[in-house]
Structure formats: C-alpha cells, structure tokens
Amino acid sequence: QVTLVESGGGLVQAGGSLRLSCAASGIIFSINAMGWYRQAPGKQRELVATITRRMTNYADSVKGRFTISRDNAKNTVYLQMNSLKPEDTAVYYCNVRLDSGLYLNDYWGQGTQVTVSS
C-alpha cells in the first residue's frame, strides 16, 4: 500500500519561508513524477510544481519563489517556498504518479495547511 506522509506546513508572515516534505512508502513500481498541488478555500485544486527525473514544472504564480526537489533514494519530494504571499495560503497536497508499465496511478497525501499572514 502506497502511503504519503507530508510535513512542514504552518503559519508564516508574508515574505517568509517554509519547506514542505513528502515521504512515500510502499512503492513497488517506478515513480513517473512527484509533485505538489494546493487548494485554497472555495477554489479548485491546482498544480504548484512537479518533478520528473529530467525536468521540473512550476505554476506561473510560484516561479522564482518556489523550488521543488526530490531525493530518489528516500522517495521523498520537497518544496522550498520563499517570499510567501497571503495568496499562497492553502492546503498543500503531495502527489506521486507511479508507472506500472501498463498504466499510471496517482497517489495523494493527506494535505498540510500553509497559512501566510499579511
């Protein structure tokens, strides 16, 4: 059973920084991609950043402020968030996409709250 455990959320003032971590366990297939998504109250879940073995991808709203990275040996993905803004306030969800060779499956963490005060 695949399990994703997130940590690192919290309350921070505008301009501050936070680092999110997500450790995946129970992985038996190849990891196609890892990423972070977020959902603010009353809004749909949106992509923040993703990372594969070859490339990273960021939402325009976080480019230059957030950095995604991964430790393949630990099956862990990180999100370094700098220059945080109140509009970054949301529940952040970790995502892992596994490739069984036949199909791709997405797995999600439980979410961690990030609150940025003005």
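To start, this report covers the structure provided alongside it. (Residues numbered from 1 in each chain as written. Predicted model: local features only at pLDDT ≥ 70, side-chain atom pairs only at ≥ 80, totals over all residues. Heavy atoms only, no water.)

The next thing to look at is the sheet that holds strand 8 (residues 76–81). If you trace the four strands from one edge of the open sheet to the other, you get 1-3-8-7, paired in antiparallel fashion. Every interior strand has two partners, whereas the edge strands, strand 1 (3–7) and strand 7 (66–71), have only one. Here the strands of the sheet are splayed against their neighbours by 15° on average, with no regard to which way each runs. Of the pairings in the sheet, the one linking strand 1 to strand 3 (residues 18–25) comprises five bridges and is antiparallel in character. Counterpart to Leu 4 in the pairing with strand 3 is Ala 24. (Pairing = 2+ DSSP bridges. Helix = DSSP H or I, 4+ residues; strand = E, 2+ residues; numbered from the N terminus. Axes fitted to C-alpha atoms, helices over the stretch in contact; angles between N-to-C directions.)

What follows covers the side chain of Arg 65. You can see Arg 65 is positioned in the loop between strand 6 (56–58) and strand 7. Engagement of the side chain of Arg 65 in a polar contact is seen with the backbone oxygen of Ser 61, the distance being 2.8 Å. Sequence-distant contacts of Arg 65, defined by excluding residues within four places in its chain, comprise Gln 80, Met 81, Asn 82, Ser 83, Leu 84, Lys 85 and Asp 88. (Polar contact = N/O pair within 3.5 Å; in protein donor to acceptor, adjacent residues only side chain to side chain. Contact = heavy atoms within 4.5 Å.)

Another aspect to go through is the pairing of strand 11 (residues 112–117). With burial as the criterion, only one face of strand 11 is covered, namely that bearing Thr 112, Val 114 and Val 116; the residues Gln 113, Thr 115 and Ser 117 on the opposite face remain uncovered. Taken together, the four bridges between strand 2 (residues 10–13) and strand 11 define a ladder with parallel strand orientation. Looking across to strand 11, one finds that Leu 11 is bridged to Thr 115. (Buried < 20%, exposed > 50% of the residue type's maximum accessible area, 1.4 Å probe, protein only.)

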